[in-house]
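Structural description and commentary
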Amino acid sequence: MRIGNHELPNRLFVAPMAGVTDRPFRKLCKRLGAGHAVSEMVTSQKALWNSLKTSRRADHQGETAPIAVQIAGVDPAEMAEAARYNIERGAQIIDINMGCPAKKVCTKWAGSALMQDEPLALAIIEAVVQAARDVPVTLKMRTGWCQSHKNALSIALGAEARGIQLLTIHGRTREQGYGGEAEYETIAAVKRALKIPVVANGDIDSPEKAAAVLAATGADALMIGRAAQGRPWIFGDILHFFAHGTHRPAPRVDEVLDWLLEHLDEHYGLYGEFSGTRSARKHIGWTLKGLPQGEDLRQQMNQLDSSAAQQAWLRDTFTRLGQQFERLPAANDSQALCA
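Residues numbered from 1 in each chain as written. Predicted model: local features only at pLDDT ≥ 70, side-chain atom pairs only at ≥ 80, totals over all residues. Heavy atoms only, no water.

1. Details of the pairing of strand β4 (residues 36-43)
In terms of residue burial, β4 counts as a mostly covered element, since eight of its eight residues are buried. Sheet topology note: the β4/strand β5 (residues 68-72) ladder contains four bridges and is parallel. Residue pairing in the sheet places Met41 in a bridge with Gln70 of β5. (Buried < 20%, exposed > 50% of the residue type's maximum accessible area, 1.4 Å probe, protein only. Helix = DSSP H or I, 4+ residues; strand = E, 2+ residues; numbered from the N terminus. Pairing = 2+ DSSP bridges.)

And the structure:
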């Protein structure tokens, strides 16, 4: 699997998710089996480049290559400048966001709203590719704006003609958001029509589903987003299934604790004590959600107001969990966690 001259270890990608796929999370997913990860979207608005949020999103310290940065905006010249700016700061791949369904993004005609204006979308692609020069540019989009306006194939053909080197399609329209079920027929049609690699995204939450989506679309790679929240080892699970046709055992309880603590150390380092403690709650909560009595545990954890307290609570909770289970239990396990 290649993007430009970058060879990837496998064909499982981490989806860019605002507020989730920061540097610590990307590094953890790569360590646990992901072959590629794309940053949270960085705005093309120059006035915001020096903001704390953007500086954190553009932090790639210690991340394994290739460094992929997703940019979002509505003006071709601004998007070209954003590409150059991020390349100067270490980006080795530029990804264009035409898939975000968030209202605050789409009301500015960025993200998936660009799919309503094909000439503008293609002008942005052309400007970014020219600005990036030898740095490969990729594109993430949806099947279309709404059910009656699915134009992924048209944009995909135009994007390939203008130099896009890899295309990811989320199998939903913007109108769907993240509701309903993803469909893969559109992705399959795009794959049949293009020569560049095509990546399928949407509702891939198990090894069996990953295999089924590959078979249904003929895609070159898969992108996984929400299913990796609290379960970043899903990439390794899928790789094992592809290699052996069987499920590997759930991770050991002590392994999960080590991964959590390692992730949190980097998380606190990036965000600082106050913001880091609060933003860590969602990552911890996603892991707890999959455990017996997970909601009760999440509510307990959310009362903690320091990084030291979070870490101490996790050590205690997972030590007790490990006394009952060698491997991470599922939420529906009938055996209750020790009081």
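After presenting the structure, the write-up continues.
2. Here we look at the sheet that holds strand β3 (residues 12-14)
With parallel pairing, the eight strands of this closed barrel are ordered in space as β3-β4-β5-β6-β7-β8-β9-β10. Taken pair by pair, the neighbouring strands of this sheet meet at an average axis angle of 30°, ignoring direction. Of the pairings in the sheet, the one linking strand β6 (residues 93-98) to strand β7 (residues 137-144) comprises five bridges and is parallel in character. When the bridges of β7 are listed, Asn97 appears paired with Lys140. (Axes fitted to C-alpha atoms, helices over the stretch in contact; angles between N-to-C directions.)

3. Some thoughts on helix α5 (residues 118-132)
Here α5 is 15 residues long and its end C-alpha atoms lie 21 Å apart, about the 21 Å a rise of 1.5 Å per residue gives. If you check which residues of α5 are buried, you get Ala121, Leu122, Ile124, Ile125, Ala127, Val128, Val129, Ala131 and Ala132. Buried residues along α5 sit in contact with β5, α3 (76-88), β6, β7 and α6 (152-161). Directly beyond the C-terminal end of α5, a positive phi value near 55° is found at Arg133. (Expected span 1.5 Å × (residues − 1). Contact = heavy atoms within 4.5 Å.)

4. Some details on the packing of aromatic side chains
Taken as a whole and assessed by the stated rule, the structure comprises one aromatic pair. Ring centres 5.8 Å apart and planes at 35° place the aromatic pair Trp233 and Trp259 in the tilted group. Taken together, the residues span a long stretch of sequence, with Trp233 in the loop between β10 (221-224) and α9 (234-244) and Trp259 in helix α10 (residues 253-271) at a distance of 26 residues. For Trp259, a relative accessible area of 13% gives the class buried. Note that Arg142 overlies the ring of Tyr178, its terminal NZ or CZ placed 5.1 Å from the centroid. Geometry around Phe274 places Arg278 over its ring, the cationic atom sitting 3.9 Å from the centre. (Phe/Tyr/Trp six-rings, centres within 6.5 Å; stacked < 30°, edge-to-face > 60°. Lys NZ or Arg CZ within 6 Å of the ring centre and 35° of its normal.)

These values are about where atoms sit, not about what they do.
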